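Structural description and commentary
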Amino acid sequence: MRDFTTDHRWLSINTATVRKSRGVEVPLIDILDACAQRGIRAVAPWRDQVAAAGLANVARTLKAHGLELSGYCRGGMFPAADTAGLQAALDDNRRAVDEACTLGAPCLVLVVGGLPGALDGKAAHKNIALARSQVADGIASLLEYAHERSMPLSIEPLHPMYAADRACVNTLEQALDLCDALDPARSGALGVAVDLYHVWWDPKLQAQVQRAGQDRLHAFHVCDWLTPTTELLTDRGMMGDGIIDIRQARGWVEAQGFAGYSEVEIFSSTNWWQRDMGEVLDTCIARHRSAV
């Protein structure tokens, strides 16, 4: 396993981690500047942040700083209540692929979606099997487009508490079943993003990481699970502040040949988003060395 204790060469910052500084939204260009100043070599930007800053502007800034991407957040949200909605989702995902290509991302991360309308509190139906079927169809449709553009797709299973509204793919096993069904040749075009916040609890995690192998392990996300967790979405912990054995899980991933970035992705409305961005980034560097 790689030694992270003396430097932060393999640290990436998911830009949601410092989306806010002292409670105020931070422009993406400022985030990129701050990362570069600290010798952080990779980021994973979100589409809304890129749109606000301008795609071309972000691409130029990344190049100027020599910043790489560990992934692009995000595509997905495939299920819909009607044909028009399904087509709109596919069209938006194709745009996400194009953006990822422009930014030089190694993969487009897919948060696949759940029951249509549930994210707004108005689920169109209760048929989660249908939602999962639409996810499979949506990825299959997008895969050809993405493959033509050499942009790998990475399915990110989310914790079961998000099954209704954000992702009806909730285990690494489910995600890999989709990969095997849609990309049986293991071409590298379809894989997974392993986010420990979502999968740390899974008794099959080590076995499924081994099943994934190097060709399907596209991304590795870290933060920590706090006890108690006070909010379902925005109470993630800094590495070392919770109960996830991050280093053990990284060992499992790296044993399969994964040699990419450990991407810090923290949503924290009452703690880290209330602190100064510089403090958060400095803490990420320190904890990447001590806890990842």
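This is a predicted model, so every value here is computed, not measured.

Turning our eyes to something else, we now look at the nonpolar core. Ile13, Val112, Ile139, Leu153, Ile155, Leu196 and Met239 are the most contacted members of the largest nonpolar core, which has 85 residues in total. Ranked by the residues each element gives to this core, the list is headed by helix α5 (residues 128-148), at 8 residues. Residues within four places of Ile155 in sequence aside, it is in contact with Leu110, Val112, Ile139, Val169, Ala175, Leu178, Cys179, Leu190, Gly191, Val192 and Ala193. One finds Trp46, Cys73, Phe267 and Trp273 within the second-largest nonpolar core, a separate group that totals 5 residues.

With that out of the way, let us pick up the packing of helix α1 (residues 28-37) against helix α3 (residues 55-65). Any two packed helices are characterised by how steeply their axes cross, that is the angle between the axes, and by the distance between the axes. Orientation of α1 relative to α3, taken along the N-to-C sense of each, is 5 degrees, at an axis distance of 10 Å. By the angle class used here, α1 and α3 are roughly parallel. Contact residues: Leu28, Ile29, Leu32, Asp33 and Ala36 in α1; Asn57, Val58, Thr61, Leu62 and His65 in α3. Looking at side-chain class alone, the contact of α1 with α3 contains 6 nonpolar, 3 polar and 1 charged residues.

Take Thr171: it is sitting in the loop between β8 (153-155) and α6 (172-182). Using a relative accessible area of 17% as the deciding quantity, one classes Thr171 as buried. Sequence-distant contacts of Thr171, that is, excluding residues within four places in its chain, are made with Pro157, Trp201 and Asp202.

Here the focus is the pattern of salt bridges. All told, the structure shown has 22 salt bridges when counted by the stated rule. A salt bridge links Arg22 to Asp276, with the shortest nitrogen-to-oxygen separation between them at 3.9 Å. Of this pair, Arg22 sits in the loop between β2 (20-21) and β3 (24-25) while Asp276 sits in the loop between β11 (262-264) and α10 (277-290), placing them 254 residues apart in sequence. A salt bridge links Glu254 to Arg250; the shortest N-O distance between them is 2.8 Å.

The subject of this paragraph is α3. Listed as buried for α3 are Val58, Thr61 and Leu62. Burial along α3 is one-sided: seen end-on, the buried residues are contained in an arc of 100 degrees. With respect to the buried face of α3, the exposed residues turned more than 90 degrees away are Arg60, Lys63 and Ala64. On its buried side, α3 packs onto α1, β4 (42-44), α2 (47-53), β5 (68-69) and α4 (83-103). After α3 finishes, the residue Gly66 shows a positive phi value of roughly 70 degrees.

Across the 6 residues of strand β9 (residues 190-195), 6 count as buried, placing the element largely inside the fold. Alignment of β8 against β9, held across 3 bridges, turns out to be parallel. Each residue of the ladder has a partner; that of Ser154, found in β9, is Gly191. Since β8 and β9 lie parallel, the crossover through α6 that links them has a hand, and here it is right-handed. Two strands pair when backbone bridges link them, and β9 and strand β10 (residues 217-222) are joined in this way by 4 bridges, in the parallel orientation.

Another point: the packing of α5 against α6. Following both chains from N to C, one finds α5 and α6 inclined at 45 degrees, their axes separated by 11 Å at the closest point. One way to sum up the angle between α5 and α6 is to call them oblique. The two elements α5 and α6 meet at a crossing, and its hand is right-handed. Where α5 abuts α6, its residues Arg132, Val135, Ala136, Ile139, Ala140 and Leu143 lie against Gln174, Leu178 and Leu182.

Calculation criteria
- Residues numbered from 1 in each chain as written.
- Predicted model: local features only at pLDDT ≥ 70, side-chain atom pairs only at ≥ 80, totals over all residues.
- Heavy atoms only, no water.
- Core = buried A, V, L, I, M, F, W, Y, C linked by side-chain atoms within 4.5 Å.
- Buried < 20%, exposed > 50% of the residue type's maximum accessible area, 1.4 Å probe, protein only.
- Helix = DSSP H or I, 4+ residues; strand = E, 2+ residues; numbered from the N terminus.
- Contact = heavy atoms within 4.5 Å.
- Axes fitted to C-alpha atoms, helices over the stretch in contact; angles between N-to-C directions.
- Parallel < 35°, antiparallel > 145°, perpendicular 65-115°, else oblique.
- Nonpolar A, V, L, I, M, F, W, Y, C, P; charged D, E, K, R; others polar.
- Salt bridge = Lys/Arg side-chain N within 4 Å of Asp/Glu carboxyl O.
- Arc of directions from axis to C-beta.
- Pairing = 2+ DSSP bridges.
- Right-handed = clockwise from strand over helix to strand, strands pointing away.
- Left-handed = near helix turned anticlockwise from the far one by under 90°.

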